[in-house]
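Chain by chain, the residues run as shown.
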Amino acid sequence: MATDSSLPDGPAMDTSLQSICYKHGSLKLLDQRRLPLETIYLDIQDSTDGWFAIRDMVVRGAPAIAIAAALSLAVEVCNMEAFNGTSGDAASFLSIKLEYLVSSRPTAVNLSDAATKLKEAISKAAANALEASPVFQAYIEAAEIMLRDDVASNKAIGSYGADFLLHQMEDSKRLSILTHCNTGSLATAGYGTALGVIRALHAEGVLEKAYCTETRPFNQGSRLTAFELVHDNIPAVLIADSAAAALMKAGRVNAVIVGADRVASNGDTANKIGTYSLALCAVHHGIPFYVAAPLTSMDLSLSSGQEIVIEERSAKELLNSHGGLGEQVAASGISVWNPAFDVTPANIITGIITEKGVITKSGSDAFDIKSFIEKAQCISQ
Ligand code: MRU
C-alpha cells in the first residue's frame, strides 16, 4: 500500500468528502486514521492492500468497507498481466479472493452481502463463457455498479428520512438531531446514511443543530463526523459520549439517528459500541430513536440480534491515546474489553430508514423486514 498525498482523480460527488476514489484500474482510499489533521490517500493495488486497509481502519463504515473490498479486487484483476485458465478457473480465483476480503472484519453484513452478489455475477458470466476474460470483465462491472448505486441509495435514505421526521414532528419547526459514530461520506461512497438524513434536513432548512458524539475509543465522531459537519457548514456541536443523557434530559434533542452494521430480520441492530446506551436513554426521555441503513445492511438469515458476531478490537484502542494510534494513557497491566459494536433491540427502535422508505412496527415489538423488502421489490419490478 503506497502513500499518495496528491488530490484524487475520482468521480465528482457534490462537494462532500470522498473516501473512495476510483477510476478504472486505480483505487485510492483516504486514510481516515490521519483525519482530521492530514488528508492522505493510499494507493490500493490489490485485494491484499484492500484487506489490510479495512482491518487497520484506513477505510471503515459498513457500506464503505464493502465497496472498498470489491474495488480492491477490481483493480487487481484490471492490472493483472496474464491469467492462465478457463472461465471456471477465473470464477474460483475471484471467489477465493472475495472470501479472503470478507474475513477482514466480521460485523458489517454489507461486506458479505457484496461478496455474495459479486459471486452471483461471476458464476453467471462463467456459465456463458469458456475464457477467463469475460468473467473478470463481469466482476469489474458489478463492482463499479456497487460504487455508483451506494450514493443514489444514500440520497434516497436522506430524503425519506427527512420527510418522515418532518411529518412525525409537526409541532417542532426545526429539529435537533443526535448521531453517533460516523455514517457520512467517509463511511459510504458518498452522502451518508444517518448523516445523509441530517444533510437532507439541513438542505430543507429545518435542521436546528446536529449533535455528534466523540464515539470512544476510536473517535469516529470527533475526528470524522465533526470534520464532515464543519466541512459542509452544517450547524453542529460535539459532545462527549457520556454527555448524551444530560443533553436528552435538557430537552435539546428531537430525535436520535444512527447507522447500522447489521440488522437482523426482526430489526435488532448492531452498530458502533455506545448505540445501545443512546437508545435506552432516548426511550427513557421519550425521544424517537431511528436507524438509517441501506437494505444491504439487512441480514434476513438472522432471526434476531443474538446471532450477530461482534468484533472485538485491540486493547491498544483504549490503552493508548487517539484510539490506539498515540502514546500510552492507561495504567500498564490493566485488562481491557473492547467490543467495537453492540446490539440495540428492535423494541426500543422507533423506525428503520431505508432507501425504499421507512420501516415501522405495527403493534408488535419487532419489525418485519422480510415483508418490507418483498413489497419494495414488487413495487420496483
Ligand atoms: O468501526 P467502524 O468505524 O467501521 O463502525 C462504523 C459504524 O458503526 C457505523 O455507524 C456503521 O457502519 C454505519 S456507516 C454508514
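The residue count restarts for each chain, going from 1 along the sequence in the order it is written. It should be noted that, the model being predicted, local features are given only for residues of pLDDT at least 70 and side-chain atom pairs only at 80 or more, the latter also being counted only at that level, while totals for whole chains, interfaces and linings use all residues. The side-chain numbers reported here are obtained from all heavy atoms of the structure, hydrogens and water having been left aside.

### Some remarks on the sheet that holds strand 11 (residues 289-292)
(1) Moving on: Pairs of strands are assigned from DSSP output, requiring at least two bridges between the strands. To qualify as a helix, a DSSP run of H or I must reach at least 4 residues; to qualify as a strand, a run of E must reach at least 2; elements of each kind are numbered from the N terminus. The seven strands are arranged 7-6-5-8-11-14-15 in an open sheet whose pairing can be described as mixed. Of all strands in the sheet, those with a lone pairing partner are strand 7 (236-239) and strand 15 (357-359), marking the two edges. The average angle at which neighbouring strand axes cross in this sheet is 25°, direction not considered.
(2) Moving on: Throughout, a contact is declared for two residues whenever any of their heavy atoms are within 4.5 Å. Here an axis means a line fitted to C-alpha atoms, over the contact stretch when the element is a helix, while the angle between two N-to-C directions is reported on a 0 to 180 degree scale. Against the sheet, helix 6 (residues 194-203) makes contact with strand 5 (175-179), strand 6 (207-213), strand 8 (255-258), strand 11 and strand 14 (351-354), and its axis sits at roughly 165° relative to strand 5, the strand it touches most.
(3) Moving on: Taken strand by strand, helix 11 (residues 369-380) contacts strand 14 and strand 15, and its axis lies near 160° from that of strand 15.

### Digging into the pattern of salt bridges
(1) Moving on: One side-chain nitrogen of Lys or Arg within 4 Å of one carboxyl oxygen of Asp or Glu is enough to make a salt bridge. Scanning the model with the defined rule gives 16 salt bridges in all.
(2) Moving on: Its salt-bridge partner being glutamate 317, residue arginine 313 comes within 2.7 Å of it at the nearest N-O pair.
(3) Moving on: Any residue under 20% of the maximum accessible area for its type is buried, any over 50% is exposed, and the rest in between are partly exposed; the area is computed with a 1.4 Å probe on protein chains only. Glutamate 317 gets classed as buried once you look at its relative accessible area, which sits at 9%.
(4) Moving on: Taken together, the shared-partner salt bridges in this structure form one network comprising Asp31, Arg33, Arg34 and Glu38.

### Details of the sheet that holds strand 10 (residues 269-272)
(1) Moving on: With respect to topology, four strands assemble into an open sheet ordered 12-9-10-13, the strand pairing being mixed. Edge strands, defined here as strands with exactly one partner in the open sheet, are strand 12 (298-299) and strand 13 (341-344).
(2) Moving on: As defined by bridge partners, strand 10 adjoins strand 13 across four bridges and the pair is classed as antiparallel. Within strand 13, the residue paired with alanine 270 across the bridge is valine 343.

### Quick word on a nonpolar patch on the surface
(1) Moving on: Like-charged residues within 9 Å of one another, or nonpolar side chains (Val, Leu, Ile, Met, Phe, Trp, Tyr) within 5 Å, are grouped into patches, provided each residue has over 30% relative accessible area and no salt bridge. Here the open area of atoms and residues is found with the Shrake-Rupley method and a 1.4 Å probe, where only the protein chains shown may cover a residue. Residues Leu318, Ile334 and Val336 make up a contiguous nonpolar surface patch of about 230 Å² in total accessible area.
(2) Moving on: As for its position among the elements, isoleucine 334 is in the loop between helix 10 (316-319) and strand 13.
(3) Moving on: Exposure remark for isoleucine 334: the relative accessible area of 51% places this residue in the exposed category.

### Observations regarding the pairing of strand 10
(1) Moving on: The sheet contact formed by strand 9 (residues 262-264) and strand 10 spans two bridges and is antiparallel. Within the sheet, the bridge partner assigned to arginine 262 lies in strand 10 and is alanine 270.
(2) Moving on: The turn linking strand 9 back onto strand 10 is made up of four residues, and glycine 267 within it adopts a positive phi angle of 100°.

### A look at the site of the ligand
(1) Moving on: We call a residue near a molecule or strand as soon as one heavy atom of that residue lies within 4 Å of the molecule or strand. Around the ligand sit 18 residues in total, of which Arg105, Gln220, Asp261, Asn271 and Lys272 are the nearest.
(2) Moving on: Here a polar contact is recorded for every N or O atom pair within 3.5 Å, except that within protein the pair must consist of a potential hydrogen donor and a potential acceptor, and residues adjacent in sequence are included only if both atoms are side-chain atoms. Separating an oxygen atom of the ligand from a side-chain N or O atom of arginine 60 is a distance of 2.8 Å.
(3) Moving on: One nitrogen or oxygen atom from the main chain of glycine 61 is found 2.9 Å from an oxygen atom belonging to the ligand.
(4) Moving on: Here the ligand loses 100% of its free accessible area of 420 Å² to cover by the protein chains.
(5) Moving on: For the shell around the ligand, the secondary-structure elements that each account for two or more residues are helix 2 (62-78) and strand 10.
(6) Moving on: Nonpolar residues are Ala, Val, Leu, Ile, Met, Phe, Trp, Tyr, Cys and Pro. Charged residues are Asp, Glu, Lys and Arg, and all others, Gly as well, are polar. Residues belonging to the shell around the ligand are distributed by class as follows: seven nonpolar, seven polar and four charged.

### Some points on the environment of glutamate 214
(1) Moving on: One can find glutamate 214 in the loop between strand 6 and helix 7 (220-231).
(2) Moving on: In this structure glutamate 214 comes out as buried when scored by relative accessible area, which is 18%.
(3) Moving on: Taking the C-alpha atoms as reference points, glutamate 214 and cysteine 181, 33 residues apart in sequence, are found 7.3 Å from one another.
(4) Moving on: Within the local environment of glutamate 214, its side chain forms a polar contact with the side chain of arginine 216, the two groups lying 3.5 Å apart.

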